[in-house]
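Secondary and tertiary structure notes
Here's the letter readout for the chains.
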Amino acid sequence: SAGSGARLKHGAFPGQIVSELEVVRCTQDGVLVRFKGPAAKKFEDEEVGAEQKDVFMRGFIPKGHLSDEAEVAEKRHKKLAKQLGGIKDFDKASDDSEVTGVKVEDKGVVLSRRFNPAGIEKDAEVDKDEKEDEKDEQKKHIPLIALLSLKPSMHSAAQDGSFVTEFEGLEESRFYAGYIKDVRDFGALVSVGAWRLSGLANKGQLTDHFVEKPEDEVTVGQSVRVLIAKLDTE
């Protein structure tokens, strides 16, 4: 067991492949899932009891990450919503542990170990400090929900080692499997690997033709092949 006063960390980390996913709720922006993975890890890499190594955790998959193909992702989301009784709001206080979910055969890839589905429209990623104390996390009222992807491109990257989790792992003039994180008037934010590893592609860099409105060229969640033109280390 963990022992008295022991502090435990969330067990899912960017780039990790997780299995036995079960969708328990559909929201407007994606799906909430249960998935199998390591339960927790003590600080300072202390030993964790065997009963804590194999549990189900909560995760969120954005609609655009249900597939590499946008149309497939949309259809899949609609089908899951129908199977689970429609679209429901995200409620961090709700308990979906007793809900009979829909099993997903795909294996997922962790993009971020902490994510707030309720704030997905406001760039809800909160994975900037992997070593943040649990007390600070409680003050922010951010649930320990992992952000996952079912994109085959992300699964392949995680398998072959090209899924990047740290800035130092990026190389200029190299192509990576990525996805559109957000679309703005001036271009798009593109992530490669971990959710927090994002960079700006100005609208002139999105395609080989003139782009007036980036939203006409790319959509949030779209799978893209990314060329790292420059790394800003400042």
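For the structure itself, consult the block above.
Definitions and limits used
Residues numbered from 1 in each chain as written. Predicted model: local features only at pLDDT ≥ 70, side-chain atom pairs only at ≥ 80, totals over all residues. Heavy atoms only, no water. Helix = DSSP H or I, 4+ residues; strand = E, 2+ residues; numbered from the N terminus. Polar contact = N/O pair within 3.5 Å; in protein donor to acceptor, adjacent residues only side chain to side chain. Buried < 20%, exposed > 50% of the residue type's maximum accessible area, 1.4 Å probe, protein only. Contact = heavy atoms within 4.5 Å. 1 Å grid on protein atoms, 1.4 Å probe; cavity = no way out; pocket = protein on both sides within 12 Å on 5 of 7 lines; lining within 4 Å. Points joined across faces, edges and corners; volume = space filled by probe spheres on them. Nonpolar A, V, L, I, M, F, W, Y, C, P; charged D, E, K, R; others polar. Salt bridge = Lys/Arg side-chain N within 4 Å of Asp/Glu carboxyl O.

Describing the side chain of Arg 25
Mapped onto the elements of the fold, Arg 25 is located in strand E2 (residues 17-26). At 2.8 Å, the side chain of Arg 25 and the backbone oxygen of Asp 89 are in polar contact.

A look at helix H3 (residues 152-160)
Those residues of H3 lying buried are Ser 153, Met 154, His 155, Ala 157 and Ala 158. Where H3 is buried, its residues meet E2, strand E7 (108-112), strand E8 (146-149), strand E9 (175-184) and strand E12 (223-227). Backbone geometry just after H3 places Gly 161 at a positive phi near 85 degrees.

Some details on the layout of surface pockets
For the largest pocket, the calculated volume is near 800 Å³. Val 190, Gly 199, Leu 200, Val 226 and Ile 228 are the residues nearest the centre of the largest pocket, which is lined by 26 residues in total. Looking at the lining of the largest pocket, the elements with two or more residues in it are strand E10 (187-192), strand E11 (198-202) and E12. Residue composition of the lining of the largest pocket, grouped by class: 16 nonpolar, four polar and six charged.

Considerations on the pattern of salt bridges
Applying the stated criterion across every chain yields a total of six salt bridges. Here Glu 74 makes a salt bridge to Lys 63, at a shortest N to O gap of 3.7 Å. Here the residue Glu 74 occupies a position in helix H1 (residues 70-83), and Lys 63 occupies one in the loop between strand E5 (55-62) and H1, the gap between them amounting to eleven residues. Put simply, Arg 174 and Glu 171 hold a salt bridge, and the shortest N to O gap is 3.6 Å. Using a relative accessible area of 33% as the deciding quantity, one classes Arg 174 as partly exposed. Relative accessible area serves as the criterion here: at 43%, Glu 171 is assigned to the partly exposed category.

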